[in-house]
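# Tertiary structure, described
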Amino acid sequence: MLLFIRNANIHTMDDHRPLASAALVEDGRFIFVGSERGAQVELARRGPADETVDMEGRLVLPGFNDSHMHFIHFAKSLRSVSLTGVCSIQEIQQRMAQAVAARDPQDPTWLEGEGWNQDYFTEGEKRFPTRADLDAVSPDVPMMIMRACFHIGVLNSAALRAIGLNRETAPQYGDLVGVDANGEPDGIIKESFLDDTKAVISSLTLDSMKQIIVAAQQKALAQGITSLQSDDVGYTPKADYHLLFQAFGELEREGKLHIRVAEQCLLQKTHLIQQFFADGYDDQWGTAFFRPSCIKLLSDGSLGARTAAMRQPYADGDTQGLTMFTQPELNELVLTAHRHNMPVAIHAIGDKAIEMSLDAIENAQLQCPANSPRHGIVHCQITDPALLERFRKLDVLAFVQPIFIDYDMHICEDRIGPALTSTSYAWRTLYESGVHTSFGTDCPVETFDTMPNLYTAVTRQNVTGQGKQRFLPGQAMTMEQALKCYTIEGAYASGEEGQKGTITPGKLADFIVLDRDLFQIDPEEILQTKVLQTWVQGQLCYTVAP
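Residues numbered from 1 in each chain as written. Predicted model: local features only at pLDDT ≥ 70, side-chain atom pairs only at ≥ 80, totals over all residues. Heavy atoms only, no water.

The next subject is the nonpolar core. Counting 131 residues, the largest nonpolar core has Phe276, Phe391 and Leu518 as the members making the most contacts within it. With sequence-adjacent residues up to four places away left out, Phe276 is seen in contact with Tyr241, Phe245, Cys265, Leu267, Tyr281, Pro292, Ile295 and Met342. Grouped together as the second largest cluster of nonpolar side chains are 21 residues, Val86, Ile89, Phe128 and Val154 included. (Core = buried A, V, L, I, M, F, W, Y, C linked by side-chain atoms within 4.5 Å. Buried < 20%, exposed > 50% of the residue type's maximum accessible area, 1.4 Å probe, protein only. Contact = heavy atoms within 4.5 Å.)

To continue, consider the environment of Ala8. The residue Ala8 is located in the loop between strand S1 (2-6) and strand S2 (9-11) in this model. The spacing of Ala8 and Ile163 is 155 residues in sequence and 57 Å in space, taken between C-alpha atoms. The contacts of Ala8, once residues within four sequence positions are left out, are Ala20, Ser21, Met55, Arg58 and Val60. (Helix = DSSP H or I, 4+ residues; strand = E, 2+ residues; numbered from the N terminus.)

In this section: the sheet that holds S1. In spatial order, the strands read S5-S4-S1-S6; together these four strands make up an open sheet with mixed pairing. A single partner strand is all that each edge strand has here, and the edge strands are strand S5 (29-34) and strand S6 (51-54). Direction aside, neighbouring strands of the sheet carry axes that sit 15 degrees apart on average. Both S1 and strand S4 (residues 22-26) contribute to a ladder of four bridges, which runs antiparallel. From the neighbouring strand, Leu2 faces S4, where its bridge partner is Glu26. (Pairing = 2+ DSSP bridges. Axes fitted to C-alpha atoms, helices over the stretch in contact; angles between N-to-C directions.)

Within the element layout of this structure, Asn453 appears in helix H17 (residues 451-459). Those residues in contact with Asn453, other than ones at most four positions away along the chain, are Gln401, Pro402, Ile403, Gly440, Thr441 and Tyr486.

A complete count under the given rule lists 21 aromatic pairs for this structure. For the pair Phe74 and Phe448, a centre-to-centre distance of 4.5 Å together with 70 degrees between the ring planes defines the contact as edge-to-face. With a gap of 374 residues between them, Phe74 in helix H2 (residues 71-77) and Phe448 in the loop between strand S21 (437-439) and H17 connect regions that are remote in the sequence. Of the residues examined, Phe74 reaches a relative accessible area of 9% and is grouped as buried. With centroids separated by 4.9 Å and ring planes inclined at 90 degrees, the aromatic side chains of Tyr281 and Trp285 adopt a geometry described as edge-to-face. Its relative accessible area of 32% is what places Trp285 among the partly exposed residues. Among the aromatic residues, ring-to-ring pairing joins Tyr241, Phe245, Phe248, Phe276, Phe277, Tyr281, Trp285 and Phe290 into one connected group. Over the aromatic face of Phe289 sits the side chain of Arg260, whose NZ or CZ is 4.4 Å from the ring centroid. Directly above the aromatic system of Tyr492 lies the positively charged group of Arg374, at a separation of 3.6 Å from the ring centroid. (Phe/Tyr/Trp six-rings, centres within 6.5 Å; stacked < 30°, edge-to-face > 60°. Lys NZ or Arg CZ within 6 Å of the ring centre and 35° of its normal.)

Worth remembering: the numbers are spatial, not functional.
Dropping the structure here:
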């Protein structure tokens, strides 16, 4: 089938031909990009188009390549209790109680809620909920509620019993489990222990996983996301990546998978990474719609929960956060992947975690110089000039989420002080120094929406809250830079820049049509901009209802 796209305002994100007004698509790929006159000449040679689409002068861009999210978690969360926007622990209790009342009494699964943030509590103390708070709702229905960052969870007594967490077993988990003055678990669990718990309690089956993927992909397409890189292994039962891969594979064969997924495989132990490779998986395995792209590692927590690992104590708390590995352990994990020429993407928010991650990557490069996988760091928030320079020197990718400043701008100086804040969230510095910098939503930590990410990247202003504030305005990016981070740089981050990310002859015809021109509007209009159409491989997969 030959598709003729005409009367378009195409920003290709390709420096060799940045603008065009027409394109031809055949067999799912662009075969011509240029002027309408040039397209007509090509059509005269090839024969008439099977379909002509008049874009009416609309802005056409490559589909967004979201470089980091948790797609299965997002899909699964559509069935969880939403705790987003709660203003108190009492409101958490009310929402969970409503869910208990509506629940089948014979349902054996855990009741899960997510999205609360104690910093937004306006009633009572700004503290984490505890086991006692949830027991007041129900001590018998096992339940877990997760903070918006998904680095902190809270269990009730039934849940604690179900996983065998008690006064005798809690000490073996150290700082990952909270205890009261008597040594009894207070219900608060953190980081890797929370991740392990999520995998243990997952009730997803092959069929239910396929169902939620199909439902969630429509929300991605509505946001102009045609490709995404996702950390999903930990959300499957017992972290079964075989089941995860089977679900995506079956959907593709059934013709139901319309987004491209590159899996960031969370494997936190050396023997698990070795088994993954022994099972035959690497970054060459898979198809154009589903493939593993890297090994994901979690090296610290979040700034909001004060679990991001810092080199100095927090300015507003007697802690330096949490490190998930010693330096030798992290070195071994990265080197194991590196020896298989497989990239790692390391979650690192605090400056200590970023430094440890860079050290581990540099060690792998020195130990095995014959291989050159594209290692990266996810989030890259708290930095100083020396750390930023090491990104460039080591050619480390930066997977960033501009929307994070919407919340962090209000807490950052309190957490880490003004001096370190001034050199953090420095994504323009990274990009302009030549570091491959890609954008993602980190959904469902943040919403699936793409426009708030672009807005915060180019304005450095908050989206929510009372009144507009600017945060480190010197790091504001141009719209061209921001869109490249969301398109071609996202494709580069998954090793697929030769296949997608720009509107270029030979590349996959994944593109979107917007209702207004992002290059011409007032920045405040970015937040109102809508995706009108999303095309994947030359097929219209989403359109706004008339």
